[in-house]
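Here is what each chain is made of, one letter per residue.
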Amino acid sequence: MSRSLLLEVGLCLGSKLESLALPGSSITEASLLSLLPRLTSLRRLDLRGLDSLFMSGAFLSREEHRHQVRSALSGLEELDLSDLRYLSDLTFNRLTSCTPGLRRLSLAGCYIAFEFDLYRGCPAGAVKDSSALLSLRNLKRLVTEQRWTLVALDLSRTSITPDSLRTVAQVPDLVLEELRLHGCKELTDYSIEVLVKHQPSLQRLDISACTELTSRSVEAVAQGLKGLTQLSLSRDWRITEKGLAELLSVSSLRSLDLSECLHVSGTEIVKGLTGCTTARAQLDTLSLKSCTYIRDFAVFSLTQLLGNSLRELDLTLCVNVTDLSVRAIATYLQGLVVLRLGLCKEITDWGLLGMVEATKCEPDQETADKGPRFTRTFGNMGFFQPPRLPFEEKPKLVTQNDLQQFKQQAGASLLALNRLQELDLSACPKLTDSSITQVLRYPDLRRLSLSMLPEITDASLASVAWHCRSLTSLALSHCPGISDRGVAQAAPYLHRLQHLCLSGCSNITDRSLFLLLQHCDRLQTLDISRCKNISPTTVDLLQSRLPFLENVHHKFIGGADISLTF
């Protein structure tokens, strides 16, 4: 059946198809060779993880096959060979000889022999291509041959060494615009300095999870890549504030990822953005995920400085961010399209509503500090009750009078972000129906996460469905207040929903699945793990009736412990 389908694709779409992706499939060489010659307009070919095709080492070993493929792939611009365990010099050379005009090449996760030269000491002319692995020598050969067209290279998750990177970067006349080196743990600051010296035209650079890099690399990038537009430094744990001010003075920079850079507080970012408008970055994407030193002052300053340009902001797990930051975001970043505030545990209803909490909760008489207190009970004599942690303190509840004031005021609530397409408020435990029902009213919202909000109920789900009818992805895992009643009220308005997560919602039963079957016929993935009141029989029925459903996770339902992928 698969072979017949591929033949139909070749016959019906052959002259029009521009992109073909077969990641992780088990397509045979015969099937692929019968298809490729028909795809005369192909521009992108994705063979990620297709080990079955390369395992034998005989792929394209016959000249007549190479001739057929060469005529079809002569216009190919992008080739993805990521995560191939059996890619060798022989198969690599055969395939790339059929693609003379590559612009983008990905070898992420492939085993490449960077550490040593297999052929060192061999006499001239005696060097043969390896049938076991891909060598640096052949990678350099390809880059050299296609240097006039190649502009993007992905070597992420490989064991590339500083010397190997220098060898590639120094290829004469090679002008790279994009280079991805995610997870290349052997690289050092010196290798980045050499890279920017020989490839000053780089516009997009990913050196995330390169754990040996320090702020010295940041300074090298800032000084050497004046046309840089995208930079990822995620999980480069040794990077500090040093160099960030100079980096933010690169006027072309549009996207910066500093997620999990644990020593970043935002001070130098603000300093770099306070310079002349024409000599500073106009960021449209900024990720500060897990930067636990980020506080309200930095967020407040950043929102003012980036108000005209920022479209995506990620503050996930910035645990010191409070309602003040939320009000600043709502006031100055009204062009935001993506906002992630997951695990910001200090955010409350007041912040989303754009209101200032008038008075703090009075300390509980039982827990107020009244000095040392002793009792006649021997077990706790001389012991004091420990202070409550900040995230355990509940804010003053929003009353009906407060909501009436909210409706009349013109303050900056999160409602002002009317261009939002993605919002993450997961694990902000102080949020309740009071803010969710009043603020989440975004007609263009596509993706929403309200997981792990113990205080929200069916009222929030019904309100979100009514006001956010463009939703394609909704996460409500571990929300004990969500039940069949909320699904019944929401499902009729969620016709576009493709991905739904209800994991850990113990009040969800079979009734909800029948409602999804009736109203949400576009579902592709569904997670109902740990919903103990759902039966496997109903899950089977749902899968048989919904045409696009691909994946159903249902561990621990009805006493079962399985996860099915259809």
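In the block above lies the structure referred to throughout.
Being a predicted model, the structure only gives us computed values, none of them experimental.

Undergrad: Tell me about the overall build of the chain, and name the residues and values.
TA: Broken down by element type, the chain carries 20 helices and 21 strands. Buried residues in the chain amount to 51% of all 566 residues. Of the accessible surface of the chain, which amounts to about 26,500 Å², a share of 51% is contributed by carbon and sulfur atoms.

Undergrad: If you had to explain the packing of aromatic side chains to someone new, which residues and values would you point to?
TA: Applying the stated rule across the entire model yields three aromatic pairs. Aromatic pair Phe 54 and Phe 59: ring centres 5.4 Å apart, planes at 70 degrees, arrangement edge-to-face. Of the two residues, Phe 54 and Phe 59, both sit in the buried class. On the numbers, 6.0 Å between centres and 85 degrees between planes, the contact of Phe 300 with Tyr 332 is edge-to-face. Placement of Phe 300 in helix 12 (residues 296–305) and of Tyr 332 in helix 13 (residues 323–332) is noted, with a sequence separation of 32 residues between them.

Undergrad: Kindly report on helix 4 (residues 63–73), identifying the contributing residues and their values.
TA: Considered for burial, the residues of helix 4 that qualify are His 65, Arg 66, Val 69, Ala 72 and Leu 73. Around the axis of helix 4, the buried residues are gathered within 130 degrees of arc, so they sit on the same side. Turned more than 90 degrees from where helix 4 packs its buried face, His 67 and Ser 71 sit exposed. As for helix 4, its buried residues are in contact with helix 2 (29–35), strand 2 (44–46) and helix 5 (89–96).

Undergrad: I'd like to hear about the nonpolar core, residue by residue, with values.
TA: Counting 158 residues, the largest nonpolar core has Leu 107 and Leu 247 as its most contacted members. Mapped onto the domain boundaries, this core takes at least three residues apiece from domain 1 (10–150) and domain 2 (432–553). Dropping the residues within four chain positions of it, Leu 247 is found in contact with Val 218, Val 221, Ala 222, Leu 231, Leu 233, Leu 253 and Leu 256.

Undergrad: Kindly report on the packing of helix 7 (residues 162–169) against helix 8 (residues 189–198), identifying the contributing residues and their values.
TA: For the pair helix 7 and helix 8, the least separation of the axes is 9 Å and the interaxial angle reads 0 degrees. Between helix 7 and helix 8, the interaxial angle falls into the category roughly parallel. Across the interface between the two elements, Pro 162, Leu 165, Arg 166 and Ala 169 of helix 7 pack against Tyr 190, Ser 191, Val 194, Leu 195 and His 198 of helix 8. For the contact of helix 7 with helix 8, the class distribution of residues is six nonpolar, two polar and one charged.

Undergrad: So what's going on with unusual backbone geometry? Which residues, and what values?
TA: At Asp 83, a residue that is not glycine, the phi angle is positive and equals roughly 60 degrees. Mapped onto the elements of the fold, Asp 83 is located in the loop between strand 3 (78–80) and helix 5. A positive phi angle is found at Phe 556, which is not glycine, with a value near 60 degrees. By the secondary structure assignment, Phe 556 is in the loop between strand 20 (551–555) and strand 21 (561–565).

Undergrad: Now, about the environment of Leu 202: what can you tell me, with residues and values included?
TA: Its place among the elements puts Leu 202 in the loop between helix 8 and strand 9 (204–206). Judged by relative accessible area, Leu 202 falls into the buried class, the value being 0%. Along the primary structure Leu 202 and Val 221 are separated by 19 residues, whereas in three dimensions their C-alpha atoms are 9.8 Å apart. With residues up to four places along the chain from it excluded, the contact list for Leu 202 reads Leu 176, Glu 177, Glu 178, Leu 179, Leu 195, Leu 225, Gly 227 and Leu 228.

Undergrad: Quick one: what's the story with helix 17 (residues 458–467), residue by residue and with numbers?
TA: In an α-helix, one turn spans 3.6 residues, which is why side chains three or four residues apart end up on the same side. Most of helix 17 is tucked away, with seven of its ten residues classed as buried. Of all the residues in helix 17, the buried ones are Asp 458, Ser 460, Leu 461, Ala 462, Ser 463, Val 464 and Ala 465.

Undergrad: Lay out the pairing of strand 20 with the relevant residues and their values.
TA: Relative to strand 20, strand 19 (residues 525–527) runs parallel, the two being bridged by three bridges. Looking across to strand 20, one finds that Leu 526 is bridged to Val 552. Read as a crossover between parallel neighbours, the route from strand 19 over helix 20 (residues 536–545) to strand 20 is right-handed.

Undergrad: So what's going on with the environment of Tyr 442? Residues and values would help.
TA: Inspection of the secondary structure assignment puts Tyr 442 in the loop between helix 16 (433–439) and strand 16 (447–449). Overall, the relative accessible area of 0% leaves Tyr 442 in the buried class. Setting aside residues up to four positions removed in sequence, Tyr 442 forms contacts with Leu 414, Leu 415, Leu 417, Asn 418, Leu 420, Leu 423, His 467 and Cys 468. Within the local environment of Tyr 442, its side chain forms a polar contact with the backbone oxygen of Leu 414, the two atoms lying 2.7 Å apart.

Undergrad: Lay out the packing of helix 8 against helix 9 (residues 215–224) in plain terms, naming residues and giving numbers.
TA: For the pair helix 8 and helix 9, the least separation of the axes is 9 Å and the interaxial angle reads 5 degrees. The angle between helix 8 and helix 9 falls in the class roughly parallel. Together, Asp 189, Tyr 190, Ile 192, Glu 193 and Val 196 of helix 8 and Arg 216, Ser 217, Ala 220, Val 221 and Gly 224 of helix 9 make up the contact between the two elements.

Undergrad: Report on the pattern of salt bridges, specifying residues and quantitative values.
TA: The full count for this structure, using the stated rule, is 24 salt bridges. Glu 178 is the salt-bridge partner of Arg 204, the closest N and O atoms lying 2.9 Å from each other. Of this pair, Arg 204 sits in strand 9 while Glu 178 sits in strand 8 (residues 178–180), and the two are 26 residues apart along the sequence. The class for Glu 178 is buried, based on a relative accessible area of 5%. Among the ionic pairs, Asp 314 bridges to Arg 340, the shortest N-O distance being 3.7 Å. Of this pair, Asp 314 sits in strand 13 (residues 312–314) while Arg 340 sits in strand 14 (residues 338–340), and the two are 26 residues apart along the sequence. In this structure, Asp 314 and Arg 340 share a single accessibility class: buried. A cluster of three or more residues bridged by salt bridges with shared partners is formed by Arg 44, Asp 46, Arg 48, Glu 78, Asp 80, Arg 104, Glu 178, Arg 180, Arg 204 and Asp 206.

What counts and what doesn't
Residues numbered from 1 in each chain as written. Predicted model: local features only at pLDDT ≥ 70, side-chain atom pairs only at ≥ 80, totals over all residues. Heavy atoms only, no water. Helix = DSSP H or I, 4+ residues; strand = E, 2+ residues; numbered from the N terminus. Buried < 20%, exposed > 50% of the residue type's maximum accessible area, 1.4 Å probe, protein only. Areas by Shrake-Rupley, 256 points an atom, 1.4 Å probe, with all protein chains shown as cover. Phe/Tyr/Trp six-rings, centres within 6.5 Å; stacked < 30°, edge-to-face > 60°. Arc of directions from axis to C-beta. Contact = heavy atoms within 4.5 Å. Core = buried A, V, L, I, M, F, W, Y, C linked by side-chain atoms within 4.5 Å. Domains from an automatic or database assignment. Axes fitted to C-alpha atoms, helices over the stretch in contact; angles between N-to-C directions. Parallel < 35°, antiparallel > 145°, perpendicular 65-115°, else oblique. Nonpolar A, V, L, I, M, F, W, Y, C, P; charged D, E, K, R; others polar. Pairing = 2+ DSSP bridges. Right-handed = clockwise from strand over helix to strand, strands pointing away. Polar contact = N/O pair within 3.5 Å; in protein donor to acceptor, adjacent residues only side chain to side chain. Salt bridge = Lys/Arg side-chain N within 4 Å of Asp/Glu carboxyl O.

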